[in-house]
Amino acid sequence: QVQLVESGGGLVQAGGSLRLSCAVSGITFSSNAMGWYRQPPGMQRELVASISLGGSTSYADSVKGRFTISRDNPKNTMYLQMNSLKPEDTAVYYCKPSNPGFNVWGQGTQVTVSS
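Residues numbered from 1 in each chain as written. Predicted model: local features only at pLDDT ≥ 70, side-chain atom pairs only at ≥ 80, totals over all residues. Heavy atoms only, no water.

**Things to note about the pattern of salt bridges**
Okay, step 1: Within this structure, the stated rule accounts for four salt bridges.
Okay, step 2: Of the charged contacts, one joins R38 and D89 as a salt bridge, the two residues approaching to 2.9 Å between their closest N and O atoms. With R38 in strand 4 (residues 34-39) and D89 in the loop between strand 8 (77-82) and strand 9 (91-97), this residue pair connects regions lying 51 residues apart in the sequence. The pair formed by R38 and D89 is uniform in burial state, with each residue classed as buried.
Okay, step 3: A salt bridge links D89 to R66, with the nearest nitrogen and oxygen atoms 2.7 Å apart. On the criterion of sequence distance, the pair formed by D89 in the loop between strand 8 and strand 9 and R66 in the loop between strand 6 (57-59) and strand 7 (67-72) is long-range, its members being 23 residues apart. Grouping residues by exposure puts D89 and R66 together as buried.
Okay, step 4: Sharing partners across several salt bridges, the network here consists of R38, E46, R66 and D89. (Salt bridge = Lys/Arg side-chain N within 4 Å of Asp/Glu carboxyl O. Helix = DSSP H or I, 4+ residues; strand = E, 2+ residues; numbered from the N terminus. Buried < 20%, exposed > 50% of the residue type's maximum accessible area, 1.4 Å probe, protein only.)

**Details of the sheet that holds strand 3 (residues 18-25)**
Think of a sheet as strands paired side by side through backbone hydrogen bonds, with each pair either parallel or antiparallel.
Okay, step 1: The sheet built from four strands is open, its strands ordered 1-3-8-7 with antiparallel pairing. What marks the edges here is a single partner per strand, and that holds for strand 1 (3-7) and strand 7. Recorded for the sheet is a direction-independent mean angle of 15° between the axes of neighbouring strands.
Okay, step 2: Bridge count for strand 1 against strand 3 is five bridges, and the pairing is antiparallel. Paired with E6 across the strands is C22, a residue of strand 3. (Pairing = 2+ DSSP bridges. Axes fitted to C-alpha atoms, helices over the stretch in contact; angles between N-to-C directions.)

**Some points on the sheet that holds strand 10 (residues 109-114)**
Okay, step 1: The six strands lie next to each other as 2-10-9-4-5-6, forming an open sheet whose pairing is mixed. Sheet topology places strand 2 (10-13) and strand 6 at the edges, where each strand pairs with a single neighbour. Geometrically, the sheet is characterised by an average inter-axis angle of 25° between neighbouring strands, direction not taken into account.
Okay, step 2: Where strand 4 lies against strand 5 (residues 46-51), five bridges are found, and the strand directions are antiparallel. Opposite M34, over in strand 5, you have I51 as the bridge partner.

**A word on the packing of aromatic side chains**
Okay, step 1: In this structure the tally under the stated criterion is two aromatic pairs.
Okay, step 2: Taking 5.1 Å as the distance between ring centres and 80° as the angle between the ring planes, the aromatic pair formed by Y37 and W105 counts as edge-to-face. Highlighted residues: Y37 in strand 4 and W105 in the loop between strand 9 and strand 10, separated in sequence by 68 residues.
Okay, step 3: Y37 gets classed as buried once you look at its relative accessible area, which sits at 11%.
Okay, step 4: Here the aromatic rings of Y94 and W105 are separated by 5.8 Å at their centres, their planes lie at 85°, and the arrangement is edge-to-face. Here the residue Y94 occupies a position in strand 9, and W105 occupies one in the loop between strand 9 and strand 10, the gap between them amounting to eleven residues.
Okay, step 5: Aromatic ring contacts, followed pair by pair, group Y37, Y94 and W105 into a single cluster.
Okay, step 6: Positioned above the aromatic ring of W105 is the side chain of R45, whose terminal nitrogen or guanidinium carbon lies 3.9 Å from the ring centre.
Okay, step 7: Positioned above the aromatic ring of W105, the side-chain terminus of K96 is 5.4 Å from the ring centre. (Phe/Tyr/Trp six-rings, centres within 6.5 Å; stacked < 30°, edge-to-face > 60°. Lys NZ or Arg CZ within 6 Å of the ring centre and 35° of its normal.)

Fair warning: the whole summary comes from geometry, so function is off the table for now.
Structure follows, in structure tokens:
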């Protein structure tokens, strides 16, 4: 059974930082490219950052230079370091394999940035 457990969200002031974690079980983590997604209130879910099997990363323009995605294969865990947070980063953040055919989602973790 696949499980994706996001954690690390919270309430932070603009300019602050948070580090999200994604614990993965039920799949071979090291064989999957992974992504962080977010869904702002009233909006569609969007891809924020992704990391390949070899560790190559890509980011949405809106977070480039502020967010850093990383993975720890022995721990089956992925991270998202978020710096210089803005109110528009407020959303529920999710992680999953970036394969579009993979359609299992965790419960997400809420990030709220106050101005």
